[in-house]
Amino acid sequence: MSIPILSFVRICFVSKECAGLRGGGIGTYIAEAGKALRAHGHEAWLITYAEESDRAALATLPFDRVLVAGDGVSAAARKYLFHAQPHYGYSYLVHQTLQAIGEKFDYIEFADYEAEGLVAFQEQRLFGTYGDTVLGLMLHSPTWECFAYGGQAHLANLHIRETCNIEEEAIRIAPMINSSSQWLRDQTLGRLGLERDVAVIRYPMALDTAAPRPVAPRSSLAELDILCHVRIEPGKGVEELLDAFRELPECRLRLIGGDVPYSPLGKSFRDHVMRRAPANVEFLEPMPRPHLLELIAHADVCVFPSRFENLPNTCIEAMAAGRVVIGSHHGGMDEMLEDGVSGFLVDGRSSRDIVRVFRQDLQRSLGRLGEIGAAAARRSREFSDQRRYCEAVQSRLRNFLANRVSREEIDREAHKVSVVIPFYKDRATVDEAVDSACGQTHRNLEILIVNDGSPLADAAEILARQRAKDPRIRILDKPNGGLGSARNHGIDNATGEFLLFCDADNVLRPDYAAVGVDVLVRHPDSHFVTPHARFFEHNSGREIGVYNALPFDRSAGLLINRFGDAGAFFRREVFTDHGLRYDEVLISYEDWALWMDLAARGLGGERVPRELYDYRVRPDSMMQVNGLPNHPALLGWLIQNHFPGATQQERDILTTIFQVAGQSIARVTFGHPDGSPIRTPEARSDARSGAATGLSAAVEAPPQGVAEAWASHCPPPAYPLRYKCVDELSRLSRKVPGLNALMRATLGAVFKLGRVFKRR
């Protein structure tokens, strides 16, 4: 394969953030990268998120062309995806947009944050959808690092867990990864236990070439004008800095920055720290950028003692202004600052070390502050040079292309697939399920219809009609044992290399088996395929939404099965060599148990972002009749027998929690007990924080009627009729002022009196 010279590069950035539109560090990088590439003869596009009010600003962004995610994608093609919303949905929309515009790029770059590139990475990994275009991920700061070092791990809700889940999946499968700092590269790969080739490419920045105002020498620390301009949050080392200044009473600090709800209880962090801040610290509100730059230019020292940091633009700007910078060892500042030459490095997690740097390193250098500031200005320009950035990108692309392995053709028909269809009472739907198996484009398959002791009087006739459809069909009869037992019987009698499960009320898309074979043959270390599954109403055929599987995550593993649906595709060796089977005790959630068992054995798979399976939602389904009403008992069984990596003591604690609160957890997971439209976990989180995002509304909200349909499929279990009656009376009474309060007081008195008589 010939390798292009790449003297000219056509790049598309995908980022919700861009300076001039919205965003902080990532947004600044995106804008500066666009400027740098265009200034050196390259072409740069941007795909971003924009509301109508943002449209006018798009023309001012430094790119050859700016598109909005969703451009060219019809309303009918947009999907409501169940899990990791709104970010997974946005990633899917970005992929649709890139396909719709039909442009050929040399390189498409996505940020790690919120996994905007996940679906594109999956498509390229599994199908080579983007051809010769290089897809890359730039590490900026994954959500978990921000959350954990920001002191928010104890507030990590399901939305945060799922966001981390898809970000980490994107990092694992991205074709190419770059990082702006060695520290972030090592931190991220170390936490995830990955070995990846990650190149370090520094952020570019167009800096003023004029010589900055020199810092005057000082005779004491008390004379210094000290500035810290950061978001006031734990991750920026604000608490450690305040503790240090309590030990530095002769110094004065101005702390400028916006507030965040990052106190231990999720309230104002600014209020939290101000209550115990020493008197020599002055808090200033965020200010217009020109005013802030003026303050920086006249400060003596800028301090950034972060617990965790990537490559902060604030530090680069302070250095470029010729200020003496004290930065943290924990992040990219360790690579930006030459300790004692162009600034000072400090352990930002230790107030004692901050005091040491001020009392010793800075104290000894008061006479040469101008020299250190001048060195900082030179260093910042060298570090963020635009040409250096462009050359680094070109070099990275050349090296990647030189080592890329071509996608080869495979003989799919050499691999046999066994389709397993359990049958019990599915008279009305079994024809469609079997026909979908017979209609697979992959022809080398057998179709095993497992008669699980059907009680239907005409079962033999129904099954004989199915067998006559195709010589590849076999009927397997067994006594009734449940869905898990039927699937296991199919496994035991299958002769194919791969297994594809399809319940008798669901439908396989024609290319499912072909895709499964192609994916697993190309990825021999993967053990299963879970595609998108379209959920539709049995009676109306209306689409409810799309089930999108996520990688298994223990932290969210007991809330809902988001790891794979019933219609999954496996290597048969998963069952023959690893001893796995569906749990026959379970009357529902047997799929959930299997995903836990796979995770416990370290058996991974591929998530295919294409609809290959149609799942029929019925009011009399096993989930409706058996699953949700028995939710605590089923969860207890999963915890005790399948939940991976837990000690017995941990299993007992979890069992107690779910026996006490299992139904309540199910209600929170599936929606509200009054049957009102579902609010997803992230929507509830946004409501608590007061953050209403247009992005969530754009890619997360289900179509009209879908939420109600999904609620009917997954209603809150065991909600007593008397509560429903009271709720309905309450709803009606709200229409008459004063009546609601009177009714509640009356009912409260009646219930209280009833409890008194009950005790007697």
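Each remark here, short or long, concerns the structure printed above.
Report on the accompanying structure.

About the criteria used
Residues numbered from 1 in each chain as written. Predicted model: local features only at pLDDT ≥ 70, side-chain atom pairs only at ≥ 80, totals over all residues. Heavy atoms only, no water. Helix = DSSP H or I, 4+ residues; strand = E, 2+ residues; numbered from the N terminus. Contact = heavy atoms within 4.5 Å. Buried < 20%, exposed > 50% of the residue type's maximum accessible area, 1.4 Å probe, protein only. Pairing = 2+ DSSP bridges. Axes fitted to C-alpha atoms, helices over the stretch in contact; angles between N-to-C directions. Phe/Tyr/Trp six-rings, centres within 6.5 Å; stacked < 30°, edge-to-face > 60°. Lys NZ or Arg CZ within 6 Å of the ring centre and 35° of its normal.

**Some remarks on the environment of Leu207**
- For Leu207, the position within the fold is in the loop between strand E7 (198-200) and strand E8 (226-229).
- A sequence separation of 174 residues divides Leu207 from Arg381, and the C-alpha atoms of the two residues are 6.9 Å apart.
- Every residue in contact with Leu207, bar those within four places of it in the chain, is listed here: Ile316, Ala320, Ser380, Arg381 and Ser384.

**A few points about helix H8 (residues 238-246)**
- Counting buried residues in H8 gives seven out of nine residues, a clear majority hidden from the surface.
- On its buried face, H8 sits against E8, strand E9 (253-256), helix H9 (269-274), strand E10 (281-284), strand E11 (301-304) and helix H13 (351-364).

**What to know about the pairing of strand E17 (residues 498-501)**
- Burial along E17 is two-sided: Phe498 and Leu500 facing one way and Leu499 and Phe501 facing the other are all buried.
- Direction of pairing for strand E14 (residues 417-423) relative to E17: parallel, over a ladder of four bridges. Note that in E17 the partner of Ser418 across the bridge is Leu499.
- Relative to strand E21 (residues 569-571), E17 runs antiparallel, the two being bridged by three bridges. Residue pairing for E21: Phe498 is matched across the bridge by Arg571.

**As for the sheet that holds strand E2 (residues 43-48)**
- Ordered in space as E3-E2-E1-E4-E5-E6-E7, the seven strands form an open sheet in which the pairing is parallel. Both outer strands of the open sheet, strand E3 (65-68) and E7, are each paired with one neighbouring strand and no more. Going from strand to strand, the sheet's axes swing by 25° on average, the running direction of each strand aside.
- Bridge analysis of strand E1 (residues 10-14) against E2 gives five bridges, and the strand direction is parallel. Across the sheet, the residue bridging to Phe13 is Leu46, located in E2.
- Each of strand E4 (107-111) and strand E5 (134-139) is contacted by helix H4 (residues 118-127), which is oriented at about 140° to E5, the strand it contacts most.

**Digging into the packing of aromatic side chains**
- Applying the stated criterion to the full structure yields 26 aromatic pairs.
- Between Trp183 and Phe308, the ring centres sit 5.5 Å apart and the planes meet at 50°, which makes this aromatic pair tilted. With a gap of 125 residues between them, Trp183 in helix H7 (residues 182-192) and Phe308 in the loop between E11 and helix H11 (313-320) connect regions that are remote in the sequence. You'll find Trp183 and Phe308 in the same group, each marked buried.
- When the centroid spacing of 5.4 Å and the interplanar angle of 70° are considered together, the rings of Phe570 and Phe575 count as edge-to-face.
- A relative accessible area of 2% places Phe575 in the buried class.
- One aromatic cluster is present, formed by Phe501, Phe528, Phe570, Phe575, Tyr582 and Trp595 through successive ring pairs.
- Cation over ring: Arg487 sits above Tyr582, and NZ or CZ is 4.9 Å from the ring centre.
- Of note, Arg610 hangs over the ring of Phe127, and the distance from its end group to the ring centre comes to 3.7 Å.

Remember that the coordinates give geometry; whether it matters functionally is a separate question.
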